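# Results of the structural survey
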Amino acid sequence: MAPSASSTANNSPAKKTSAPEKKYKCQFCNRAFSRSEHRSRHERSHTKERPFKCLKCRSTFVRRDLLLRHDRTVHAKDGGVPLVSEGRRRGGAGVRKASSPAPSKPSVSVDPTSLDQMEVGSEGMVDLETAAMLMTDFQHKAAAAATGQIHDRAESDRSFSPGRGSILDPPHSYLSGNATLPQMPWDSLVSPTDSKHHMSPFVSQDPASDSHGLPGMDRHVGDSLAPSLHSLVNSLPVSGNSTPNALSPYPSMTGPVSPVNYRRSPGPSQALTLPRAPQINNDLERDMIVERIRNADALGVLPESFQLPTTMALNKYLSTYFNLYHHHLPFLHQESFKPTTASTPLLLAVLSIGSLYTFERQHAFMLHVGSKMLVNQFLQHKDNFDSRKCPLWAMQSTLLNMVFESWSGDPKGLEWTCSIKSLLANMVSGNRYQLKLRTEAREGRQPSREEWIEDESCRRTYYAVYIFFGMLTLTFNHTPAMSFDEFDNLELPSSESLWNLDVADDESWRRSFASSTTMTVREAHDCLFQGEQTRYSAFATRVLINALFLQVWNHKRTFEALQDVVTEYKLRLALETWENSLEVCEPETIVVPLSTPQNGHPLIFNSMAVYRNTRARLEVDLKSIQEALRYHSSYEVAAAMTVAREKVKRSQEMNKVIKSCFECIEIAAIRGINWVAKTSATNWSVEHPLCGLDLMVILSLWLYRLEHDEEPATEAEMAIYNKVRNLFDDDALDSCGKLSSTVARVWGNILDGVVVWGITKLMGESFKLHSQALVGYEDSLRVAKDQPIHAVPPKSLASIGTAY
């Protein structure tokens, strides 16, 4: 896979003139290579041989570049002689002497001679992603060591011991009982021999095993990804402080940070960093949480096997939630969220998602089910329950639990979500009425900071529910559970800078609040349809594109959609205005510890994913695929993908859609396909794979038509085709055949490279099967097309994929 379009374009001419002969064949499979060392390295994936041993510990590796990266990410702080000086040194000078004094702190520079030691990537390509990740890991470890943010590995191991601080017994019977979720598809990725690693997914506990135990990934994938994921989690500030190198001019080389938007340069008194991630200070506070859980479980519905993880584990979950997930749906007020005083169902829901991002899925399921049972106990046994008086934490807990279930990759979780959608929508409606009464009672008086935080928390929770319901419609073609009219006169969310402002002086906060702009949803929506650019926050941007998507979805479901050209014109105008309004969007002055290809807040990046999907749906309707996704069978989803090719037409309007599809995969190619596959699961929102499903299906089917239609391609079509082609090297195409199948295969590899949300594994497998079907025999494809989706058995689809 080429890391970028430019590098591929520069390398491809040389390959075409003198393509090396692939005469070295693997003795275990059909792969062939042009160099013997590449074959030897590939065969280690079959034999599990790990010839490169670390001299400073007992870790072993498949490739030398992984050993070098391990040395810099794990042992750099030791101040010893780096491994890069052990081998080929200018004229065979041998090992450099170690008499020079050790540095006081790890250097953030990389020895240029280490490039001589870096092995080339697969198929003779230089592994630029490896070089980038080596630089990133080294810089973060060095900066973190200088600020005292690195914990001892042995201490990290002990922090995940399930035996410390348990309430009662281990949770095994609880996880397998009727009150729990069934075994998730992502659990099946862990072999029984790897089960001991689930408590410490980034550190090896068995010297004879892999150096990094990573549940949720194949063994050969875990070998190459573990160092980068270990660096990612360790680079997260446990205390919630800003990430090192946040202001570097090279964000792609500094790891998980988002650059500051300098359109409004902050003054010295303005905060540049987020508030600290909430933490549990000691075991005494953890005991307070345990007691609160017991008090919340007045009826004793929690199983006796329920346990609360250790204090350090809980702090890690809190950090991963607020550093990795929170920014994509920021409805909680981070500064005022206190673990010891927060509602216990809400705290457990937060911890469950944080646990997912550390790949500790047993803890995630246990905490999630505990939250569900406590919320259910509250709702069912509250006397005279009234949605108008429903506490905010009940809505927030229910929302996070529905998020957990919907993207878990299990159809029963989705069914549970659908069964309570109306309940959550009713909570929002009743609570919004109470917010209106509180606002009117102030009679125009400016709220105090505490009152504003309460009101803004409510608004953000309502909008988060609205966005989540929109994603259910986008992914599964479910009828929207909330209408746009629910928020007719509600103010849009504030800027993230104001929401996270940490000002002790109340008067200073009042000045900041008075200078902020406010606008209702209706006013901003009307401006979009009038073609007027409007200034609003990043969260408001996400709310408005969700509203436009649902309007496009509803328009395409009406019988008059084909004749209603006026409505479609207005929708296109509104979408264009929305995109143009990004130029005047409220600039954020905070540093978010996430890396996105787009400047600004991650919410802007997420909004663009929904925008591209919305534009595509004006031309192509793939509801058959979305409905197949409801049942979580990769074979049925892949069959629906394959038979949908007749819905992808060739026209000038379709060329515009294909350009949006190209942008989606170009982002991954420019960042580096391997890099995105390894880091996007924890760095980007789940919205990106969900929105990209339609786009990549459309792109692959459009490429398939160009490759097989009798009608010759136009000049414009060939230009787009060549742009897509330049993203891949010749070897990537040769291994799969056609460009259409290559796109589907590569996207599938990206989706299931690292699994946080189980639904991405489902989609990854579906795209791989779809790739196989695209290179199958034409008669096999016609058989699959003529059969209804539910009638295609797994064997028939598998036979399509293995026909070539």
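Report follows, based on the coordinates. (Residues numbered from 1 in each chain as written. Predicted model: local features only at pLDDT ≥ 70, side-chain atom pairs only at ≥ 80, totals over all residues. Heavy atoms only, no water.)

We now examine unusual backbone geometry. Of note in this structure, phenylalanine 359 is not a glycine but carries a positive phi near 65 degrees. Structurally, phenylalanine 359 can be placed in the loop between helix H11 (344–356) and helix H12 (361–381). (Helix = DSSP H or I, 4+ residues; strand = E, 2+ residues; numbered from the N terminus.)

Here helix H2 (residues 36–47) spans 16 Å end to end across 12 residues, near enough to the 16 Å set by a 1.5 Å rise per residue. Within H2, the full set of buried residues consists of His38, Arg41, His42, Glu43 and Arg44. Its buried side turned inward, H2 meets strand S1 (24–25), strand S2 (32–33) and strand S3 (52–53). (Expected span 1.5 Å × (residues − 1). Buried < 20%, exposed > 50% of the residue type's maximum accessible area, 1.4 Å probe, protein only. Contact = heavy atoms within 4.5 Å.)

Below, the discussion takes up the packing of helix H27 (residues 687–708) against helix H28 (residues 715–725). Running from N to C, H27 and H28 cross one another at 120 degrees; their axes reach a closest spacing of 11 Å. With respect to each other, H27 and H28 are oriented oblique. In this structure, the crossing between H27 and H28 has a hand that is left-handed. Side by side, H27 and H28 meet where Leu699, Trp702, Leu703, Leu706 and Glu707 of the first sit next to Glu717, Ile720, Tyr721 and Val724 of the second. (Axes fitted to C-alpha atoms, helices over the stretch in contact; angles between N-to-C directions. Parallel < 35°, antiparallel > 145°, perpendicular 65-115°, else oblique. Left-handed = near helix turned anticlockwise from the far one by under 90°.)

The biggest cluster of nonpolar side chains holds 170 residues, and the ones touching the most others in it are Trp407, Trp578, Ile698 and Trp757. Core analysis: the next-biggest nonpolar cluster, separate from the first, contains 7 residues, Trp452, Ile453, Leu498 and Phe513 among them. (Core = buried A, V, L, I, M, F, W, Y, C linked by side-chain atoms within 4.5 Å.)

Since the α-helix turns once every 3.6 residues, residues separated by three or four places project in the same direction. For helix H26 (residues 673–683), a buried count of 10 out of 11 residues is recorded, marking the element as mostly surrounded by other parts of the structure. Among the residues of H26, those classed as buried are Ile673, Trp675, Val676, Ala677, Lys678, Thr679, Ser680, Ala681, Thr682 and Asn683.

Right, let's get into the pattern of salt bridges. Per the stated rule, a full pass over the model turns up 25 salt bridges. The residue aspartate 287 makes a salt bridge to arginine 286 at a minimum N-O spacing of 3.8 Å. Given the relative accessible area of 43%, aspartate 287 is considered partly exposed. Take arginine 286: its relative accessible area is 5%, and that puts it in the buried class. Here arginine 442 makes a salt bridge to aspartate 455, at a shortest N to O gap of 2.5 Å. Pair noted here: arginine 442 is in the loop between helix H15 (421–441) and helix H16 (449–476) and aspartate 455 is in helix H16, with a separation of 13 residues, a long-range link. A relative accessible area of 13% means that arginine 442 is categorised as buried. (Salt bridge = Lys/Arg side-chain N within 4 Å of Asp/Glu carboxyl O.)

Time to look at the packing of aromatic side chains. Inspection of the entire model under this criterion finds 17 aromatic pairs. Taking 6.4 Å as the distance between ring centres and 55 degrees as the angle between the ring planes, the aromatic pair formed by tyrosine 325 and tyrosine 357 counts as tilted. With tyrosine 325 in helix H10 (residues 311–325) and tyrosine 357 in the loop between H11 and H12, the pair connects residues that are 32 residues apart, well separated along the chain. Taking the relative accessible area as the measure of exposure, tyrosine 325 reaches 6% and is therefore buried. By relative accessible area, tyrosine 357 is classed as buried at 1%. Seen in terms of ring centroids, tyrosine 357 and tryptophan 757 are 6.2 Å apart; in terms of plane orientation they differ by 85 degrees. Their pairing is edge-to-face. Remark: tryptophan 757 occurs in the loop between helix H30 (739–751) and helix H31 (758–774) and tyrosine 357 occurs in the loop between H11 and H12; sequence separation between them is 400 residues. Each member of the pair, tyrosine 357 together with tryptophan 757, is buried. (Phe/Tyr/Trp six-rings, centres within 6.5 Å; stacked < 30°, edge-to-face > 60°.)

All quantities given are derived from atomic positions and should not be read as evidence of function.
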